[in-house]
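Notes for the structure review
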Amino acid sequence: MKNSFKKSMVLLFIAMMGFTMINCPGKKDDNTALFLGLAALLNQPEYTVVMTGTLKTSGGLPIKDGKVTIADSSGILSSGQSALSDFTTCQTNSYVAAAGAGALDGEFVISFRLTSLTGNLTMSAVEAVGADNTTACTTVTNLSSSAFTNSLGDGTLGVNIDLSNRTNVNAFPITAAGYSVTVKSVNVFVKGEYPIVSPTVGENVCDGRRLLGGPAIKTGSITGSETWSGGILLQGTVFVESGATITVTPGTAIFGQRGSSIFFKQGSKLVSNGTAADPICWSSAASLGSRFPGDWGGIVVIGTSGASRASNTEGTTPQGYGGAIGSDVENLNMSYNIIEFAGNEVAPGDELNNMSIYASKSVLSFVQVHRGLDDGFEAWGGSGTWSNLLATGGLDDDFDLDEAFTGTMTNLIGHKYPSSCGGSFSTDPHGFEMDGTDATSGAGSSCASGSLNRCTNPTITNVTLIGAGIAGGQGMRLREGFAGTINRAIVFGFADAAAVSTTTSGTYPAVSGTIANLAYENGKTTAITPTGSTTITTTPITSDGSTSNCGFGDTKPDYRTISSLSGTYVGGASTEWYKDWAVFRAR
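Here the residue index of a chain counts from 1 through its sequence in written order. For a predicted model such as this one, the threshold for reporting local features is a pLDDT of at least 70, and the threshold for listing and counting side-chain atom pairs is 80 or more; totals across whole chains, interfaces and linings nevertheless cover every residue. Only hydrogens and water are set aside when side-chain values are computed; all heavy atoms of the structure are taken into account.

Quick notes on the packing of aromatic side chains
Here is the rule: rings of Phe, Tyr and Trp (six-membered ring for Trp) pair when centre to centre is within 6.5 Å. Planes less than 30 degrees apart are stacked, more than 60 are edge-to-face, and the remainder are tilted. The final tally for this structure, using the stated rule, is 16 aromatic pairs. Ring geometry for Phe189 against Phe292: centres 5.1 Å apart, planes inclined by 45°, an arrangement best described as tilted. In this pair, Phe189 sits in strand 8 (residues 180–190) while Phe292 sits in the loop between strand 16 (280–284) and strand 17 (299–302), placing the two residues 103 residues apart along the sequence. Any residue under 20% of the maximum accessible area for its type is buried, any over 50% is exposed, and the rest in between are partly exposed; the area is computed with a 1.4 Å probe on protein chains only. Assessed through its relative accessible area of 12%, Phe189 is described here as buried. We classify Phe292 as buried; its relative accessible area is 4%. Between Tyr336 and Phe366 the ring centres are 4.6 Å apart and the planes differ by 5°, which places this aromatic pair in the stacked class. You can see Tyr336 sitting in strand 20 (residues 330–340) and its partner Phe366 sitting in strand 24 (residues 361–370), a full 30 residues away along the chain. Here a set of aromatic residues connected by ring pairs shows up, and it is made of Tyr336, Phe366, Tyr559, Trp577, Tyr578 and Trp581. Over the face of the ring belonging to Phe239 we find Lys265, whose NZ or CZ atom lies 4.8 Å from the ring centre. Put simply, DSSP marks the helices as runs of H or I at least four residues long and the strands as runs of E at least two long, and each gets a number from the N terminus on. Comment: the charge-over-ring label is applied if NZ (Lys) or CZ (Arg) is within 6 Å of the ring centre and within 35 degrees of the ring normal.

Notes on the state of the cysteines
We call a pair of cysteine sulfur atoms a disulfide when they lie within 2.5 Å. Inspection of every chain in the model, using the stated rule, returns three disulfides. Note on cysteine connectivity: Cys90 is disulfide-linked to Cys137, with sulfurs 2.2 Å apart. Measuring the twist about the S-S bond at about -80°, one finds the Cys90-Cys137 disulfide to be left-handed. In this pair, Cys90 sits in the loop between strand 3 (85–87) and helix 3 (95–98) while Cys137 sits in helix 4 (residues 137–140), placing the two residues 47 residues apart along the sequence. Between the sulfur atoms of Cys421 and its disulfide partner Cys550 the distance amounts to 2.2 Å. Taking the torsion about the sulfur-sulfur bond, which here is approximately -95°, the covalent link between Cys421 and Cys550 counts as left-handed. On the criterion of sequence distance, the pair formed by Cys421 in the loop between strand 28 (406–415) and strand 29 (432–434) and Cys550 in the loop between strand 36 (541–543) and strand 37 (558–561) is long-range, its members being 129 residues apart. With respect to class, Cys421 is no different from Cys550; both count as buried.

Some remarks on the sheet that holds strand 2 (residues 66–72)
Spatially, the five strands line up as an open sheet ordered 3-2-5-6-7, and their pairing is antiparallel. Sheet topology places strand 3 and strand 7 (174–176) at the edges, where each strand pairs with a single neighbour. Across this sheet, the average inter-strand angle for adjacent strands is 20°, counted without regard to direction. Two strands form a pair only when DSSP identifies at least two bridges running between them. Where strand 6 (residues 150–160) and strand 7 come together, three bridges link them in antiparallel fashion. Each residue of the ladder has a partner; that of Leu157, found in strand 7, is Ile174. Inter-axis angles, ranging from 0 to 180 degrees, are taken between N-to-C directions of lines fitted to C-alpha atoms, where helices are fitted over the stretch in contact.

Comments concerning unusual backbone geometry
Where the residue is not glycine, phi is negative for most of them; where a peptide bond is considered, it is trans in most cases. Phi is positive for Arg371, which is not a glycine, with a value near 55°. The residue Arg371 is located in the loop between strand 24 and strand 25 (377–380) in this model. Here the phi dihedral of Asn517 falls at roughly 60°; this positive angle occurs in a residue that is not glycine. Looking at where Asn517 falls in the secondary structure, it is placed in strand 34 (residues 514–521).

Here's what the structure looks like:
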């Protein structure tokens, strides 16, 4: 009974710290008052709302260069919330097409937490200076956040929630003069309601159920090597400085406060090796049942193993990376890790990922990225030895390689969740997105241009990519400068082509990569002719588990290939290597 009480207090403490930056010292020997205070605070009612809408002009045309912000006007927002805003989606260059059925232009998604079922919020909208609905989307998505200053006015977002109908869009009426909003969908989640059935070992670790004692708080810069165990809470942007190594022990749970992230600078190292029985989890500090994609920023690792250009990372505090290879040393080693609910947006089209790997020499095995707002695994240059990787429920690309990444990747699984599970998909949520160079890199027309190999050239073997029919999503989008090989891949369930090859206008190396032994959905053409292929008409995996129930059912996915596809088309799972330690609940 005592241990159960302590574990409950750990969950309460972590959830509370996920909503506040305050870290007040208390009496060393008596935590009773603290526990009672935490219990009183966290037992207050709270309702998380995930709203998807379309920002439009007062005449009803979608605004592709907009931003929507929500602020409190009647004291009903929970404390600790900031930057409740989202930039609208720009999908089509044509003003008329943007207003057509099925277009995502003008779409935004905002998640906010309420202490009351009724009240009012202020909703304001802005457009970008120097852009309008005739501006090309490539221009809009490259705008700086500082460009969004042309006010369209303030409106009122009414709140009138009926918990017996939690998807009722009419419960959130919006009135505004200078713009209009069409609410497309809402989902209301109640704090404390967490109907997970038969949690895996990983879900128990990520949910803090195996922890005793309060978490160790990490903030600012870490200048010396540390070993992490138990519970860790990240506040703000945490920098691991050059010369420091962070070693994470099996069973450790690291929680990121809203808006936090961790950057491993050049010369630092992350060694995070769990086991199937004791995986390591990096998750959101929000309360159980209220965790969503984009809660925190995820892991950023910067190495000295080179890229096809020198540039800066994404994020509110970008760091330099790339260029010529320096000391080509391994600075990232992970096994049996889970990274989930990351990818917060810092500017239009600029989101951190669950795993952002810059010019690093990395070893990843048995690693899962789950429910990220942006990409799952993304690498810019460097090299990797990656095996048994799982990307589940992400809202953009599952695997994204850029700027002359090289290495081997074996046993990869990407699995999109239905849009009903919450979150706003990007305009092009692919399984693979891989390109070799960048417009600013100075690359010529061949891979050997300049002082570095300018092409992304991985050897990829055994792949399963399962889509959810999301508009704009392709199985494998291979772009300029991709020179790698892909062998034994299965692609199913994407709205668009199974494999495409595109080259942006300008002087770039052509796509020279190859695909062999591809099984893809009938009718979904492939622009790259594979060496050996077959078409499929039904799901190629044994079971998607309770994905239709957003991972809260009593069955887990079984990604092993169905019996009619075997040998040549084995895909990413000939065995259940993800069983028991991976996670699948959508929030």
